[in-house]
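Secondary and tertiary structure notes
Listed below are the residues making up each chain.
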Amino acid sequence: MTHGISSGKSRAVSGRARALGAAGVGAGVLIACVAAASPAAAAPTPTVSCTSAKAGLADKLKRDITAALANRRGTIAVGLYDRTTNTTCTLRPSTAYDSASVVKVTVLATLLWDAKKHNRYLTAREVSLTQAMITKSDNAATSTLWRQLGITKIKGFLAAAGMTQTKPGANGYWGLTQITVTDEQKLLKLITARNTVLSDNSRAYILKLMGQVISSQRWGTPYGVPSGVSAAVKNGWLQRATHGWRVHSVGAFKGGGHDYTITVLTHGNSTMNYGIATIQGVAKVIHRDLAAS
């Protein structure tokens, strides 16, 4: 459950992961030294950008999200969209991240999209696999569905969804799919409103499973969600030699006069818990500011 890399060859993967981990100790020291030696080469930090039809809300969100991230290490990307107030916030919307288990929502959406094209329901086996994949983040179930679908169908769904920045992981490594805030927010929009890509039944099924994620995995974007607001979530976490821990959370929220989606993608975290804390700091202020608007 903790790794978003899988090729169906667990021994090979674990061996590779161990090798990556060992290499990371030396690499991390070297990178730190290089960075310290050339601060002038650092790119300017991108700023949070917000727009809203609600007076004052964009400025408040920009200020509060920026403050929440002020002392956080790592590379953080944020996306917010609230239909009710036509509010959008972004930070590093096109920066690519290893997906880890967040890609499992895309796998489920692809399966449902393909089933709709063939005018069929999911089989009992597929229902069992999708439930395990989303609610428990089961990797074996994900690998089975990834192989069943194949890259061609996955790319077909991405094209239909307009997710042009998403690049599926090669050689069965679905957890190394490259994702961006822009595309994850596009996916969440498809899941949360009527469209021609996903049927209403498909959207309801995805939201149902994301609403049934086990309690130990319901951290991240739902943090601080007001009472009476429904929360659907999928998280991802993966440690690699470069960029430390990737920790991501995507969520859809409805109630209290709002209908919104949040994506927070992070890497360069020293620990998984550090990444979770970063995401939850952002989520807390977003929920608070929307609830007050």
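The present account deals with the structure reproduced in this document. Not measured: the values here are computed from a predicted model.

When its secondary structure is counted, the protein chain shows eight helices and eight strands. Every one of the 293 residues in the protein chain was classed for burial, and the buried ones make up 49%. By sequence separation, contacts in the protein chain at least 24 residues apart represent 68% of the contacts at least 6 residues apart. When the accessible surface of the protein chain is split by element, carbon and sulfur atoms take 57% of a total near 13,100 Å².

What follows covers the side chain of arginine 203. Mapped onto the secondary structure, arginine 203 falls in helix α7 (residues 200-210). By relative accessible area, which is 11% here, arginine 203 ends up buried. Look past the residues within four positions of arginine 203 in its chain and what remains in contact with it is Leu190, Ile191, Thr192, Ala193, Arg194, Asn195 and Leu198.

Below, the discussion takes up the nonpolar core. Buried together is how nonpolar side chains tend to be arranged in soluble globular proteins. Leu108, Phe157, Leu198, Ile206 and Met210 are the most contacted members of the largest nonpolar core, which totals 45 residues. Of all the secondary-structure elements, those providing two or more residues to this core are α3 (103-117), α4 (124-135), α5 (139-161), α6 (181-192), α7, β6 (230-239) and β7 (245-255). If one sorts the elements of this core by residue count, α3 sits on top with nine residues. Grouped together as the second largest cluster of nonpolar side chains are 29 residues, Cys50, Cys89, Val229 and Ala231 included.

This part takes up the state of the cysteines. Summed over the entire model, instances satisfying the criterion amount to one disulfide. Across a sulfur-sulfur distance of 2.1 Å, cysteine 50 and cysteine 89 are joined as a disulfide pair. Because the torsion about its S-S bond is 115 degrees, the bridge between cysteine 50 and cysteine 89 counts as right-handed. Of the two residues, cysteine 50 is situated in strand β1 (residues 49-51) and cysteine 89 in strand β3 (residues 87-91); the sequence distance between them amounts to 39 residues. Overall, the relative accessible area of 15% leaves cysteine 50 in the buried class.

What follows concerns the sheet that holds β1. Spatially, the six strands line up as an open sheet ordered β1-β3-β2-β8-β7-β6, and their pairing is antiparallel. Edge positions in the open sheet fall to β1 and β6, since each of these has one partner strand only. Across the sheet, the mean angle from the axis of one strand to that of its neighbour is 5 degrees, orientation sign disregarded. By the bridge criterion, three bridges tie β1 to β3 in an arrangement that is antiparallel.

With that settled, the discussion passes to the pattern of salt bridges. Applying the stated criterion to the full structure yields 11 salt bridges. For arginine 288, the salt bridge identified is with aspartate 64, shortest N-O distance 3.2 Å. Residue arginine 288 is found in helix α8 (residues 272-291), and its partner aspartate 64 is found in helix α2 (residues 57-69); the two are separated by 224 residues along the sequence. Accessibility expressed as a relative area gives 12% for aspartate 64, which makes it buried. Across the pair aspartate 200 and arginine 194 runs a salt bridge, and its minimum N-O distance is 3.0 Å. Taken together, the salt bridges that share partners define one network made up of Lys60, Asp64, Arg288 and Asp289.

On to α8, then. Given 3.6 residues per helical turn, the α-helix brings residues three or four places apart onto the same face. Over its 20 residues, α8 runs 28 Å from end to end, which matches the ideal 28 Å to within 8%, given 1.5 Å per residue. α8 sits mainly inside the fold: 14 of its 20 residues count as buried.

Attention now goes to the packing of aromatic side chains. Aromatic ring pairs are reported here in terms of the distance separating the ring centres and the angle at which the planes meet. Within this structure, the stated rule accounts for three aromatic pairs. Ring plane angle 65 degrees and centroid distance 6.0 Å describe the contact between tryptophan 113 and phenylalanine 157, whose orientation is recorded as edge-to-face. On the criterion of sequence distance, the pair formed by tryptophan 113 in helix α3 and phenylalanine 157 in helix α5 is long-range, its members being 44 residues apart. The residues tryptophan 113 and phenylalanine 157 share a single accessibility class, namely buried. Relative to tryptophan 237, the ring of tryptophan 219 lies with its centre 5.8 Å away and its plane at 65 degrees, an arrangement referred to as edge-to-face. With tryptophan 219 in the loop between α7 and β6 and tryptophan 237 in strand β6, the pair connects residues that are 18 residues apart, well separated along the chain. Residue tryptophan 219 is classed as buried on the basis of its relative accessible area, which comes to 11%. Judged by its relative accessible area of 4%, tryptophan 237 is buried. The ring of tyrosine 274 carries the charged tip of arginine 72 above its face, separated from the ring centre by 4.0 Å.

Between α3 and α4, whose axes approach to 10 Å, the crossing angle comes to 160 degrees. Put simply, α3 runs roughly antiparallel to α4. In this structure, α3 meets α4 at a crossing whose hand is left-handed. Each of Lys104, Val105, Val107, Leu108 and Leu111 in α3 lies in contact with α4, whose residues at this interface are Glu126, Thr130, Met133 and Ile134.

Calculation criteria
Residues numbered from 1 in each chain as written. Predicted model: local features only at pLDDT ≥ 70, side-chain atom pairs only at ≥ 80, totals over all residues. Heavy atoms only, no water. Helix = DSSP H or I, 4+ residues; strand = E, 2+ residues; numbered from the N terminus. Buried < 20%, exposed > 50% of the residue type's maximum accessible area, 1.4 Å probe, protein only. Contact = heavy atoms within 4.5 Å. Areas by Shrake-Rupley, 256 points an atom, 1.4 Å probe, with all protein chains shown as cover. Core = buried A, V, L, I, M, F, W, Y, C linked by side-chain atoms within 4.5 Å. Disulfide = S-S within 2.5 Å. Pairing = 2+ DSSP bridges. Axes fitted to C-alpha atoms, helices over the stretch in contact; angles between N-to-C directions. Salt bridge = Lys/Arg side-chain N within 4 Å of Asp/Glu carboxyl O. Expected span 1.5 Å × (residues − 1). Phe/Tyr/Trp six-rings, centres within 6.5 Å; stacked < 30°, edge-to-face > 60°. Lys NZ or Arg CZ within 6 Å of the ring centre and 35° of its normal. Parallel < 35°, antiparallel > 145°, perpendicular 65-115°, else oblique. Left-handed = near helix turned anticlockwise from the far one by under 90°.

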